[in-house]
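Remarks on the overall topology
Read off the chains here:
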Amino acid sequence: AEVLLTIHDVTKLVRMERMRADFVANASHELRTPLSSLLGFVETLMGPARDDAEARERFLPVMLEQGQRMQRLVEDLLSLSRIEMNEHSAPTDVVPIPDLVRRIANGLELKAEAKGCTLAVDLDPALPPVWGDADQLSQVFQNLLDNAVKYGRAGTPVTVTGGVVAQGPASMPGSRRGPCLHVAVRDHGEGIAREHLPRLTERFYRVDRARSRQMGGTGLGLAIAKHVLTRHRGALVPESMVGEGSTFNVYLPLASDTLAIAPPP
Ligand code: ADP
């Protein structure tokens, strides 16, 4: 069959192809750094430091950390590709968000405590459910809460609040912006300068590369969150004030708004 492409289509294809190539280059670079470091230590321990017990003591924890870093990256890359593969199918679980968020907050309690931070979830358990993929939505809130604890200032609270709003934000896909569940994850960290906000959900985009790395970040958490929310016909809206902190707003169409996502068969 004859296929007609407009200049617009071609431009779009070229741009997509460039993004794909960039992504592969970035992912390879992100993996290569810890891998080179790991191999460097192995060579040292097999060569000049073969009988050096003190070097072994010192290097092994660093090697473990580099291995774990690679593992996190590979897991996040796999998550992203899994999400992309089913991006066009509507999720079909009925997900009680307050429950899910509380469970994730409990899991982060120790990490928050270690920084002297409190994690307060103030969500009415009676909030209406959303159609969703429970595992994927868990990843969204896991990444947002983890970031809030990670980037929050020591000794400050992280809060999760929410409720039902009549309409989602303008960035929500589709013209059928009905009633939504709104959940806000707020921290009191350094905040994010305005010019970075639109780029935060790009893969491997970081405001401060060294800081993200030191915190064990992969640079993929918000990209994953955005993809999951797109699949749910929802939205992620970051807000921030430098010096005061950040709020990540999640919007999800309500299960009762059957126009937004088809209910399970
Ligand atoms: P990372 O693994 O680096 O945390 P993310 O995709 O989760 O990657 O976030 C991308 C970047 O956005 C981070 O590197 C950080 O610069 C910035 N960021 C995300 N959440 C926050 C936050 N709560 N406060 C300040 N900066 C944040």
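See the structure above.
Every value quoted in this text rests on a predicted model; they were computed, and no experiment measured them.

What counts and how
- Residues numbered from 1 in each chain as written.
- Predicted model: local features only at pLDDT ≥ 70, side-chain atom pairs only at ≥ 80, totals over all residues.
- Heavy atoms only, no water.
- Salt bridge = Lys/Arg side-chain N within 4 Å of Asp/Glu carboxyl O.
- Helix = DSSP H or I, 4+ residues; strand = E, 2+ residues; numbered from the N terminus.
- Buried < 20%, exposed > 50% of the residue type's maximum accessible area, 1.4 Å probe, protein only.
- Contact = heavy atoms within 4.5 Å.
- Phe/Tyr/Trp six-rings, centres within 6.5 Å; stacked < 30°, edge-to-face > 60°.
- Pairing = 2+ DSSP bridges.
- Axes fitted to C-alpha atoms, helices over the stretch in contact; angles between N-to-C directions.

Let us look at the pattern of salt bridges. Here the structure, examined in full by the defined rule, presents eleven salt bridges. Measuring nitrogen to oxygen at the nearest pair gives 3.1 Å for the salt bridge that ties Arg-209 to Glu-30. Taken together, the residues Arg-209 in helix α5 (residues 209–214) and Glu-30 in helix α1 (residues 7–46) connect sequence positions 179 residues apart. Across the pair Asp-146 and Lys-111 runs a salt bridge whose closest N-O atoms are separated by 2.7 Å. With Asp-146 in helix α4 (residues 134–151) and Lys-111 in helix α3 (residues 97–114), this pair connects stretches of sequence that are 35 residues apart. Judged by its relative accessible area of 17%, Asp-146 is buried. One continuous salt-bridge network, built from bridges that share partners, spans Glu-30, Arg-206, Arg-209 and Arg-213.

Our next topic: the side chain of Gln-66. The topology assignment puts Gln-66 in helix α2 (residues 53–85). The buried category is assigned to Gln-66, whose relative accessible area is 17%. If sequence neighbours within four positions are ignored, Gln-66 has contacts with Pro-34, Ser-37 and Leu-38.

On inspection of all chains with the given rule, the structure shows two aromatic pairs. When the centroid spacing of 6.0 Å and the interplanar angle of 25 degrees are considered together, the rings of Phe-23 and Phe-204 count as stacked. Of this pair, Phe-23 sits in helix α1 while Phe-204 is found in the loop between β5 (180–186) and α5, placing the two residues 181 residues apart along the sequence. A relative accessible area of 4% means that Phe-204 is categorised as buried.

Here we have five strands laid out as an open sheet, ordered β2-β4-β5-β7-β6, and mixed in their pairing. A single partner strand is all that each edge strand has here, and the edge strands are β2 (118–122) and β6 (235–241). Averaged over neighbouring strand pairs, the angle between their axes works out to 15 degrees when direction is ignored. Here β2 runs beside strand β4 (residues 157–165); their pairing, made up of five bridges, is parallel. Paired with Ala-120 across the strands is Thr-159, a residue of β4. Against the sheet, α3 makes contact with β2, β4, β5 and β7 (245–253), and its axis sits at roughly 170 degrees relative to β2, the strand it touches most.

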